[in-house]
Amino acid sequence: MTRDLIVQFLAQGAQMFLVLLLAPLAVGVTRRVKARLTRRQGAPLIQGYLDIAKLLRKESVLAESASWLFRTAPYLIFALTWVAAALVPSFASGLMFNWAADVVALVALLGAARALLALAGMDVGTSFGGIGSSREMMIATLAEPAMMLIVLTLAIAAGTTRLAGVADHFIAEPLAVRVSLALSLGALVIVALAENARIPVDNPVTHLELTMVHEAMVLEYSGRHLALIEAASMLKLTLYLSLLICLFAPFGMAPASAGLVGWTVGLVAWTAKLLLGAALLGVWEVSIAKMRVFRLPDFVGVAFVFAFIAILLAYLSGGDIG
Amino acid sequence: MPALYASGAALAVLAGAAGLAILTRGALRLVYPLAILAALVLGAVDLHVLLTGVVLTDSLPIGLPTIGLRLRLDSLSAFFGVVINGGVLAASVYSLGLDHEKDLTPRVEPLFPLFAAAMNLVLLADDAYGFLFSWELMSLSSWALVVARHTDPESRRASHLYLVMAVIGTTALLFAFGGLAGPAGGYSFDTIRAHAAQPAIAALVLAAALIGCGSKGGLIPLHAWLPLAHPAAPSHVSALMSGVMTKVAIYGFVRIAFDLLGPPAWWWALPPIVLGAITAVLGLLYAVLDRDLKRVLAYSTIENVGLIFVALGLALAFRANGFAQAAAVALTAALLHVLNHSWFKSLLFLGAGAVLHATGRRDLDGLGGLIRTMPRTAIFFLVGALAISALPPLNGFVSEWLLFQSVLAGPMLPQASLRFAVPAIGAMLALAAALAAACFVRVYGTAFLGRPRTVEAARAHDVPLAQQVAMGALALLCILGGLLGAPLASVLAPLVRTFSGGMLPASGSGPTPFSLVAFDSARSVYDAAVIALFVAIASLVTLVVVHRVSERRTRRGPAWDCGFPDPSPVTQYTASSFAQPLRRVYGTVAFSARETVTMPPPGDRGTARLQVSLVDYLWRVFYAAPGGAVLRLAERLNMLQFLTIRRYLVLMFAALVILLSIAAVTT
């Protein structure tokens with residue numbers, strides 16, 4: 001019993017460090033794919049790790065008008081994103097603390113990290129920080145409701161709001177083609193692009209002032225603080241990829257009662273799917289242009305409408321959609 | 001009965017404090033210590049009743065002749081009593097920090113205890129007469145508090161509108177109780193409870209209760225007075241009006257719809273959930289576009305009242321269909337949100353009062369950088385802002401989570417209209433949650449962060465200790481309420497079972513004692529304590545590791561701002577500029593927002609102007625149009641005052657003929 005508990009505890013811990021470990025690699029894959037598709041050599045796959053190591057070695061330059069909130073926020077944002085990322089089932093569904101936060105709480109945890117980041121963007125009192133925060137919150141008012149509706153739809157399908165329970169449900173019942181699930185998938189992809197500041201919502205590599213959103217918010221950060229913010233956004237990308245995997249392609253994931261073998265299979269499957277997802281993101285990003293900021297409501301609004309139709313269908317069928 | 005006598009004594013203390021303060025100016029400073037004493041006693045009695053579940057009744061030989069005044073304190077009244085007296089306590093402690101010479105006036109201080117006593121009396125009333133009398137006392141005393149700064153034309157306008165809406169509300173409640181009493185005219189709540197109302201009467205009563213209680217709570221379209229009146233009062237009174245008086249309105253609705261009106265029918269649910277959801281979204285859209293700190297808070301009160309009405313409506317729908325547990329989840333969400341909102345809204349209004357006190361300003365675009373000049377207030381306000389944005393692990397999220405859980409039970413409902421309505425409501429709730437975060441990031445970001453935009457903001461100083469204590473205690477409650485959601489829910493369980501027929505799974509059926517379980521632990525669990533622990537551990541580990549491995553030097557320098565930092569604080573984003581994307585996205589739909597840029601002609605070095613026009617359709621349709629119609633009608637009728645005697649005689653004769661012919665026809 002005790003041994004079982006320890007193993008479970010270790011598995012939970014492994015999950016926490018696994019997401020942290022793989023997040024920069026996923027970003028590296030996306031960047032590499034983008035580079036190769038545009039006929040560039042591209043940075044090595046481990047560039048994400050190198051970037052963070054470099055930033056950690058640099059001194060941190062704080063603006064004179066920065067308050068304590070500016071210095072504290074990166075730690076909290078990183079911790080919130082990390083915990084949220086660790087709560088999404090990756091290689092196994094029935095981990096020890098999977099019950100602590102359900103899908104609704106997961107959306108809210110990410111919301112908390114975003115609110116802190118937007119506040120930090122306003123803290124120094126520059127026009128760029130403000131522009132980033134204000135646009136980020138505007139996009140969030142469209143993306144977050146869509147996200148909430150998506151997770152509610154899936155929760156209705158699975159009969160539980162626990163992420164592990166939803167994953168278990170989709171492992172046990174092979175995914176049939178259902179209109180509301182297809183719509184949810186489409187909506188979740190759009191939300192994931194918006195939340196991770198990817199093309200066409202935002203361009204993660206640009207510093208062209210008038211188009212940036214996320215980068216404008218974190219413009220004043222440097223050194224270890226920037227390293228944490230960057231790591232948090234890598235984690236967030238991993239989180240959304242894991243979420244897509246766990247909800248729509250859960251095959252290979254170890255069920256609640258699996259032992260070491262199941263976990264190993266799950267780990268391999270999850271890593272492969274994660275990197276495949278990152279590569280697909282790269283392909284997507286080279287094949288589409290960034291949108292103007294005020295075209296975004298239309299784009300993210302599509303996710304909201306998809307998600308709304310999905311949940312409406314789920315309700316009208318009395319919850320029997322999965 | 002000693003507990004009820006203690007309440008009576010406390011109420012007498014409040015009345016006495018009011019009387020003393022009217023008589024002598026020296027007694028003004030006694031008002032708040034006495035109010036603290038009374039609130040402690042009243043709160044203790046309420047807590048005792050809530051925890052033990054006893055029902056205290058009594059009747060006094062005052063009030064109507066031969067009937068007297070019936071008083072009753074059951075767990076529902078007691079719960080709302082805890083909410084109210086908590087708010088009164090916080091506001092009174094805060095007011096101990098007011099300056100005796102400068103801030104205390106005979107226009108405000110005598111009315112404060114009267115207002116507090118009236119709100120308590122509404123809860124104690126056990127007949128329609130007592131309820132309406134104390135309801136009116138509450139309206140009038142709060143009206144007098146709004147009009148305290150009568151030299152300000154804005155205040156006068158606000159108080160006038162408030163008075164009109166309060167009269168409409170009470171008239172509606174009069175009809176509601178008339179319908180409840182039935183032809184026999186039994187005005188005591190016991191008599192009303194004894195028989196269930198006919199469906200037609202029930203519809204009438206429900207509509208009247210929604211108008212009566214909705215107008216007090218700010219349900220759209222009866223909201224227009226609230227964002228004017230709540231900010232116009234002194235800040236500690238604003239805290240009471242927004243944090244607490246709106247809860248008395250909720251109490252009125254719960255008392256009528258869940259208790260007096262008998263077993264619910266499913267269609268009772270539709271008006272509250274539809275109006276509540278519209279209120280939640282529109283209230284925030286107003287809030288996110290407004291530039292006045294206190295008015296933003298008042299609009300956000302409207303939003304929260306909307307959320308509570310949605311939860312109450314869902315509870316009615318589930319209860320009518322026999323889903324007791326889902327009804328319990330929804331009702332717990334409503335009651336917890338009542339409690340939570342009273343905490344964070346009081347905190348935010350007291351914080352706004354502190355800002356107003358320190359800077360003399362409440363326009364967001366004139367503040368900035370207060371996190372450095374008022375560090376304590378800034379921390380407390382931050383807790384309140386994050387809590388009201390429903391972010392975990394604070395208390396606002398607990399009720400939000402329960403509300404979403406009850407929305408998720410919607411597919412069980414057999415009625416097609418509810419099945420259509422509930423997902424739409426869920427979408428609007430999600431939108432409201434996201435807008436709330438945007439709204440409060442904007443408020444906090446412009447008022448407390450950045451650089452000071454005016455001299456007043458730069459010279460601000462933190463407020464006296466008493467005010468810090470009041471805000472700090474409320475901030476602590478917001479944190480504790482977030483972590484201890486499950487124990488709080490189990491305290492409310494007996495009350496919830498009385499009015500919904502079901503209850504949440506007992507505390508302890510989840511993985512830890514702090515796990516909030518909505519239906520069963522395999523289905524939905526939220527454990528704020530474990531999440532908070534995880535986040536705390538993760539932050540600490542990060543902090544330690546980063547400080548070990550990283551370069552720890554930190555240098556202060558000018559802001560980078562892409563290479564072009566501007567020393568003038570005017571170049572910062574303001575509240576208006578922050579709202580611009582939201583205005584473009586939502587304002588164009590909801591308020592027909594238009595932006596016009598007037599450029600000077602080429603060669604002219606004059607300034608360009610950006611003008612924004614917004615149309616308040618609700619005001620136009622529900623206030624300006626009827627108001628204009630009444631005025632036009634009055635002008636027409638005015639003609640009747642200037643007729644000749646012959647014409648008046650003709651009119652009287654015509655009236656006589658008409659009346660006689662009616663009499664002839666009807667007999």
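Cut-offs used in this document
Residues numbered from 1 in each chain as written. Chains lettered and ligands numbered in written order. Predicted model: local features only at pLDDT ≥ 70, side-chain atom pairs only at ≥ 80, totals over all residues. Helix = DSSP H or I, 4+ residues; strand = E, 2+ residues; numbered from the N terminus. Buried ≥ 20, exposed ≤ 12 C-beta atoms within 10 Å, placed from the backbone. Contact = placed C-beta atoms within 7 Å. Rg over C-alpha atoms; globule rule 2.2 N^0.38 Å. Pairing = 2+ DSSP bridges. Expected span 1.5 Å × (residues − 1). Nonpolar A, V, L, I, M, F, W, Y, C, P; charged D, E, K, R; others polar. Core = buried A, V, L, I, M, F, W, Y, C linked by C-beta atoms within 7 Å. Domains from an automatic or database assignment. Axes fitted to C-alpha atoms, helices over the stretch in contact; angles between N-to-C directions. Parallel < 35°, antiparallel > 145°, perpendicular 65-115°, else oblique. Left-handed = near helix turned anticlockwise from the far one by under 90°.

Draft legend 1. Focus on the overall build of chain A. Within chain A, the secondary structure is distributed over eleven helices and one strand. When the helices and strands of chain A are placed in sequence order, the string is α-α-β-α-α-α-α-α-α-α-α-α. Reported as C-alpha extents along the three principal axes, the dimensions of chain A are approximately 55 × 45 × 45 Å. Relative to its 322 residues, chain A shows a buried fraction of 63%. The contacts of chain A with a sequence gap of at least 6 include a subset with a gap of at least 24, amounting to 81%.

Draft legend 2. Molecular detail of the overall build of chain B. Scanning chain B from terminus to terminus reveals 24 helices and seven strands. Computed over C-alpha atoms, the radius of gyration of chain B comes to 27 Å, within 12% of the 26 Å expected from 2.2 N^0.38 for 667 residues, which places it in the range of a compact globule. In terms of principal-axis extent, the alpha carbons of chain B reach across some 100 × 75 × 60 Å. Looking at chain B as a whole, 56% of its 667 residues are labelled buried. In chain B, the share of contacts with a sequence separation of at least 24, taken over all contacts with a separation of at least 6, comes to 77%.

Draft legend 3. Geometry of the pairing of strand S2 (residues 68–73) of chain B. Residues and elements named next belong to chain B. Counting buried residues in S2 gives five out of six residues, a clear majority hidden from the surface. Pairing of strand S1 (residues 56–64) with S2, which is carried by six bridges, proceeds in the antiparallel orientation. Bridged to Asp58 within S2 is Leu71. In sequence, S1 turns back onto S2 through a hairpin of three residues, with Thr66 there showing a positive phi of about 65 degrees.

Draft legend 4. Here's a closer look at helix H12 (residues 293–320) of chain B. Residue and element names in this part refer to chain B. Taking 1.5 Å of rise per residue, the 28 residues of H12 would be expected to cover 40 Å, and the 41 Å separating its terminal C-alpha atoms lies within 8% of that figure. Of all 28 residues making up H12, 27 are buried, and the element is well covered by its neighbours. Two residues or fewer after H12 comes Gly322, characterised by a positive phi angle close to 80 degrees.

Draft legend 5. Focus on the interface of chain B and chain A. Between chain B and chain A, the contact holds 73 residues from the first and 77 residues from the second. Counting residues per element, the ones that place at least two in the side of chain B that touches chain A are helix H14 (370–373), helix H16 (395–408), helix H17 (416–447), strand S4 (525–526), helix H21 (528–549), strand S5 (554–557) and helix H22 (575–590) of chain B. Take the side of chain B that touches chain A: its biggest share by element is 14 residues, from H17(B). Class assignment of the residues belonging to the side of chain B that touches chain A gives a composition of 45 nonpolar, 17 polar and eleven charged. As paired strands, strand S1 (residues 60–63) of chain A and S5(B) are joined by four bridges and run parallel to one another. Following the sheet pairing, A:Val61 is matched in S5(B) by B:Arg555.

Draft legend 6. Layout of the nonpolar core. By size, the foremost hydrophobic cluster in this structure holds 383 residues, and its most contacted members are A:Val83 and A:Ala146. When we break this core down by domain, the ones giving at least three residues each are domain 1 (1–185) and domain 2 (323–539) of chain B. When residues no more than four places from it in sequence are discounted, the contact partners of A:Ala146 are A:Ala187, A:Val191, A:Val300, A:Ala303, A:Phe304 and A:Ala307.

Draft legend 7. Local environment of unusual backbone geometry. Backbone torsion omega between A:Ile199 and A:Pro200 reads 10 degrees, so that peptide bond is classified as cis. Residue B:Pro393 follows B:Pro392 across a cis peptide bond; omega there is 5 degrees. Tracing the backbone shows B:Pro393 in the loop between helix H15 (375–388) and H16. The residue B:Ala390 is not glycine, and still its phi comes out positive at about 55 degrees.

Draft legend 8. Inspection of the environment of B:Pro113 at higher detail. Turning to its location among the elements, B:Pro113 is positioned in helix H4 (residues 111–124). The residues touching B:Pro113, leaving out its near neighbours within four places in the chain, are B:Leu14, B:Ala17, B:Ala18, B:Val31, B:Leu34 and B:Ala35.

Draft legend 9. Main features of the environment of B:Leu37. By secondary structure assignment, the location of B:Leu37 is in helix H2 (residues 31–52). For the pair B:Leu37 and B:Leu14, spaced 23 residues apart in sequence, the C-alpha separation works out to 9.1 Å.

Draft legend 10. Helix H6 (residues 163–172) of chain A, seen in detail. Residue and element names in this part refer to chain A. For H6, a buried count of eight out of ten residues is recorded, marking the element as mostly surrounded by other parts of the structure. Taken together, the buried positions of H6 are occupied by Leu163, Ala164, Gly165, Val166, Ala167, Asp168, His169 and Phe170. Structurally, H6 contributes buried residues whose contacts are with helix H3 (68–87), helix H4 (103–123), helix H5 (127–158) and helix H9 (223–248).

Draft legend 11. Local environment of the packing of helix H11 (residues 270–289) of chain B against H22(B). All names here are of chain B. Viewed as axis vectors pointing N to C, H11 and H22 meet at an angle of 140 degrees, and their least axial separation amounts to 10 Å. With respect to H22, the axis of H11 lies oblique. The handedness of the crossing between H11 and H22 is left-handed. Residue-level contacts link Leu282, Leu285, Val288 and Leu289 of H11 to Ala579, Leu582, Arg583, Tyr586, Gly587 and Ala590 of H22. Here the contact of H11 with H22 is built from residues that sort into eight nonpolar, one polar and one charged.

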